[in-house]
Amino acid sequence: MTTTEWITDIVLVLVVFRQLREARLDRKTFLIPLGIVAFVAYSYLDSVPTAGNDLVLIAALTAVGAALGVAGGVYTRIRALDGHLMIKAGAVSAILWVLGMGARMGFQVWAEHGGGADDVARFSVAHHITSDQAWVTAFVMMAVTEVVTRVATIYLRSRARAGALAPAVPVLDGTA
(Lines give C-alpha, C1' and ligand atoms only; values in the text may rest on other atoms or scores of the structure.)
Protein backbone atom coordinates (compact mmCIF):
# COMPACT_ATOMS: atom_id res chain seq x y z
CA MET A 1 0.00 0.00 0.00
CA THR A 2 1.21 3.46 -0.80
CA THR A 3 1.42 6.26 1.73
CA THR A 4 -1.55 7.95 0.05
CA GLU A 5 -3.62 4.77 0.40
CA TRP A 6 -2.77 4.46 4.10
CA ILE A 7 -3.60 8.12 4.72
CA THR A 8 -6.89 7.89 2.81
CA ASP A 9 -7.96 4.74 4.69
CA ILE A 10 -7.01 6.20 8.06
CA VAL A 11 -8.82 9.47 7.33
CA LEU A 12 -11.97 7.56 6.37
CA VAL A 13 -11.81 5.61 9.65
CA LEU A 14 -11.27 8.84 11.59
CA VAL A 15 -14.37 10.38 9.99
CA VAL A 16 -16.57 7.96 11.92
CA PHE A 17 -14.48 8.10 15.09
CA ARG A 18 -15.06 11.85 14.97
CA GLN A 19 -18.78 11.11 14.95
CA LEU A 20 -18.58 8.94 18.07
CA ARG A 21 -18.77 12.26 19.87
CA GLU A 22 -22.12 13.94 19.41
CA ALA A 23 -21.96 17.01 17.19
CA ARG A 24 -24.26 19.28 15.27
CA LEU A 25 -25.45 17.87 11.95
CA ASP A 26 -24.22 20.31 9.34
CA ARG A 27 -22.90 20.45 5.81
CA LYS A 28 -19.48 19.16 6.91
CA THR A 29 -21.17 15.94 8.05
CA PHE A 30 -21.92 15.24 4.41
CA LEU A 31 -19.23 17.10 2.47
CA ILE A 32 -16.12 15.73 4.20
CA PRO A 33 -16.79 12.01 3.59
CA LEU A 34 -18.17 12.67 0.10
CA GLY A 35 -15.11 14.76 -0.74
CA ILE A 36 -12.79 12.02 0.44
CA VAL A 37 -14.48 9.31 -1.63
CA ALA A 38 -14.66 11.63 -4.65
CA PHE A 39 -10.86 11.96 -4.39
CA VAL A 40 -10.50 8.19 -4.02
CA ALA A 41 -12.78 7.48 -6.98
CA TYR A 42 -10.96 10.04 -9.13
CA SER A 43 -7.58 8.59 -8.14
CA TYR A 44 -8.33 4.89 -8.62
CA LEU A 45 -11.21 4.44 -11.06
CA ASP A 46 -9.48 4.72 -14.40
CA SER A 47 -11.70 2.16 -16.04
CA VAL A 48 -14.32 -0.42 -15.17
CA PRO A 49 -13.28 -3.85 -16.38
CA THR A 50 -16.12 -5.77 -17.99
CA ALA A 51 -14.52 -8.99 -19.21
CA GLY A 52 -15.18 -12.37 -17.64
CA ASN A 53 -16.81 -12.07 -14.22
CA ASP A 54 -15.25 -8.71 -13.40
CA LEU A 55 -18.64 -7.02 -13.22
CA VAL A 56 -19.96 -9.76 -10.92
CA LEU A 57 -17.08 -9.13 -8.51
CA ILE A 58 -17.61 -5.36 -8.72
CA ALA A 59 -21.38 -5.70 -8.20
CA ALA A 60 -20.94 -8.08 -5.26
CA LEU A 61 -18.54 -5.80 -3.39
CA THR A 62 -20.63 -2.75 -4.28
CA ALA A 63 -23.64 -4.50 -2.73
CA VAL A 64 -21.62 -5.25 0.42
CA GLY A 65 -20.66 -1.57 0.59
CA ALA A 66 -24.30 -0.53 0.20
CA ALA A 67 -25.42 -2.88 2.96
CA LEU A 68 -22.70 -1.65 5.31
CA GLY A 69 -23.48 1.98 4.48
CA VAL A 70 -27.22 1.73 5.00
CA ALA A 71 -26.77 -0.19 8.25
CA GLY A 72 -24.18 2.34 9.43
CA GLY A 73 -26.58 5.18 8.65
CA VAL A 74 -29.44 3.46 10.45
CA TYR A 75 -27.31 2.91 13.55
CA THR A 76 -26.29 6.57 13.72
CA ARG A 77 -28.33 8.49 16.28
CA ILE A 78 -29.99 11.72 15.15
CA ARG A 79 -31.80 13.86 17.69
CA ALA A 80 -32.99 17.42 18.14
CA LEU A 81 -31.34 19.63 20.73
CA ASP A 82 -31.89 23.35 21.19
CA GLY A 83 -33.24 23.84 17.68
CA HIS A 84 -30.49 21.84 15.95
CA LEU A 85 -30.11 18.27 14.81
CA MET A 86 -27.35 16.37 16.56
CA ILE A 87 -25.61 13.28 15.20
CA LYS A 88 -23.69 10.56 16.95
CA ALA A 89 -22.42 7.33 15.42
CA GLY A 90 -23.40 4.41 17.58
CA ALA A 91 -21.15 1.48 18.40
CA VAL A 92 -22.77 -0.66 15.69
CA SER A 93 -22.26 2.09 13.10
CA ALA A 94 -18.60 2.48 14.06
CA ILE A 95 -18.00 -1.28 14.07
CA LEU A 96 -19.57 -1.65 10.61
CA TRP A 97 -17.49 1.24 9.27
CA VAL A 98 -14.25 -0.15 10.69
CA LEU A 99 -15.20 -3.64 9.50
CA GLY A 100 -15.68 -2.40 5.93
CA MET A 101 -12.54 -0.28 5.94
CA GLY A 102 -10.53 -2.93 7.78
CA ALA A 103 -11.58 -5.67 5.37
CA ARG A 104 -10.39 -3.62 2.41
CA MET A 105 -7.13 -2.67 4.09
CA GLY A 106 -6.55 -6.20 5.36
CA PHE A 107 -7.18 -7.72 1.95
CA GLN A 108 -4.79 -5.31 0.30
CA VAL A 109 -2.01 -5.86 2.84
CA TRP A 110 -2.53 -9.65 2.69
CA ALA A 111 -2.52 -9.68 -1.12
CA GLU A 112 0.53 -7.43 -1.43
CA HIS A 113 2.68 -8.45 1.54
CA GLY A 114 1.13 -11.42 3.30
CA GLY A 115 1.52 -14.09 0.69
CA GLY A 116 -2.03 -13.80 -0.61
CA ALA A 117 -1.14 -12.83 -4.16
CA ASP A 118 -1.05 -16.46 -5.32
CA ASP A 119 -4.39 -17.20 -3.63
CA VAL A 120 -5.98 -14.15 -5.24
CA ALA A 121 -4.55 -15.16 -8.62
CA ARG A 122 -5.91 -18.73 -8.27
CA PHE A 123 -9.33 -17.40 -7.18
CA SER A 124 -9.33 -14.95 -10.09
CA VAL A 125 -8.53 -17.65 -12.63
CA ALA A 126 -11.09 -20.07 -11.18
CA HIS A 127 -13.82 -17.40 -11.19
CA HIS A 128 -12.90 -15.71 -14.49
CA ILE A 129 -11.80 -12.40 -12.98
CA THR A 130 -9.56 -11.01 -15.65
CA SER A 131 -7.34 -8.35 -14.06
CA ASP A 132 -5.98 -6.67 -10.98
CA GLN A 133 -8.00 -3.61 -12.01
CA ALA A 134 -11.21 -5.58 -11.37
CA TRP A 135 -10.18 -6.02 -7.72
CA VAL A 136 -9.19 -2.36 -7.43
CA THR A 137 -12.47 -1.21 -8.96
CA ALA A 138 -14.50 -3.60 -6.79
CA PHE A 139 -12.92 -2.42 -3.53
CA VAL A 140 -13.06 1.25 -4.50
CA MET A 141 -16.73 0.87 -5.44
CA MET A 142 -17.33 -0.88 -2.13
CA ALA A 143 -15.81 2.07 -0.26
CA VAL A 144 -17.56 4.71 -2.35
CA THR A 145 -20.91 2.97 -2.05
CA GLU A 146 -20.50 2.47 1.70
CA VAL A 147 -19.84 6.17 2.20
CA VAL A 148 -22.52 7.41 -0.19
CA THR A 149 -25.24 5.13 1.18
CA ARG A 150 -24.32 5.94 4.79
CA VAL A 151 -24.42 9.67 4.10
CA ALA A 152 -27.65 9.33 2.10
CA THR A 153 -29.27 7.30 4.88
CA ILE A 154 -28.27 9.89 7.47
CA TYR A 155 -29.53 12.68 5.24
CA LEU A 156 -32.91 11.01 4.67
CA ARG A 157 -33.27 10.23 8.36
CA SER A 158 -32.36 13.82 9.27
CA ARG A 159 -34.98 15.18 6.85
CA ALA A 160 -37.61 12.91 8.36
CA ARG A 161 -36.58 13.94 11.87
CA ALA A 162 -36.54 17.64 10.97
CA GLY A 163 -39.87 17.28 9.18
CA ALA A 164 -41.46 15.87 12.31
CA LEU A 165 -40.14 18.86 14.29
CA ALA A 166 -40.60 21.53 11.60
CA PRO A 167 -40.15 24.41 11.44
CA ALA A 168 -38.04 24.54 14.59
CA VAL A 169 -35.15 22.39 13.34
CA PRO A 170 -33.24 23.02 10.10
CA VAL A 171 -32.30 19.98 8.02
CA LEU A 172 -28.78 21.24 7.48
CA ASP A 173 -27.32 23.68 9.90
CA GLY A 174 -25.15 26.04 7.89
CA THR A 175 -24.00 27.97 10.95
CA ALA A 176 -21.65 25.33 12.37
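Residues numbered from 1 in each chain as written. Predicted model: local features only at pLDDT ≥ 70, side-chain atom pairs only at ≥ 80, totals over all residues. Heavy atoms only, no water.

Considering the nonpolar core
One finds Leu-12, Leu-25, Val-147 and Ile-154 to be the most contacted residues of the largest nonpolar core, which totals 20 residues. When contributions to this core are tallied by element, the ones reaching two or more residues are helix H1 (3-18), helix H2 (27-44), strand S3 (84-89), helix H4 (91-113) and helix H6 (132-165). A per-element tally of this core places H6 first, with six residues. Setting aside residues no more than four positions away along its own chain, Ile-154 makes contact with Leu-25, Phe-30, Gly-73, Thr-76, Ile-78 and Ile-87. If you look at the next biggest cluster of nonpolar residues, it comprises 13 residues, including Leu-96, Ile-129, Phe-139 and Met-142. (Core = buried A, V, L, I, M, F, W, Y, C linked by side-chain atoms within 4.5 Å. Buried < 20%, exposed > 50% of the residue type's maximum accessible area, 1.4 Å probe, protein only. Helix = DSSP H or I, 4+ residues; strand = E, 2+ residues; numbered from the N terminus. Contact = heavy atoms within 4.5 Å.)

Thoughts on the side chain of Thr-149
Within the fold, Thr-149 resides in helix H6. Look at Thr-149 and you get buried, because its relative accessible area is 18%. One polar contact links the side chain of Thr-149 to the main-chain carbonyl oxygen of Thr-145, over a distance of 2.7 Å. Contacts of Thr-149, omitting those with residues within four sequence positions, involve Gly-65, Ala-66, Gly-69 and Val-70. (Polar contact = N/O pair within 3.5 Å; in protein donor to acceptor, adjacent residues only side chain to side chain.)

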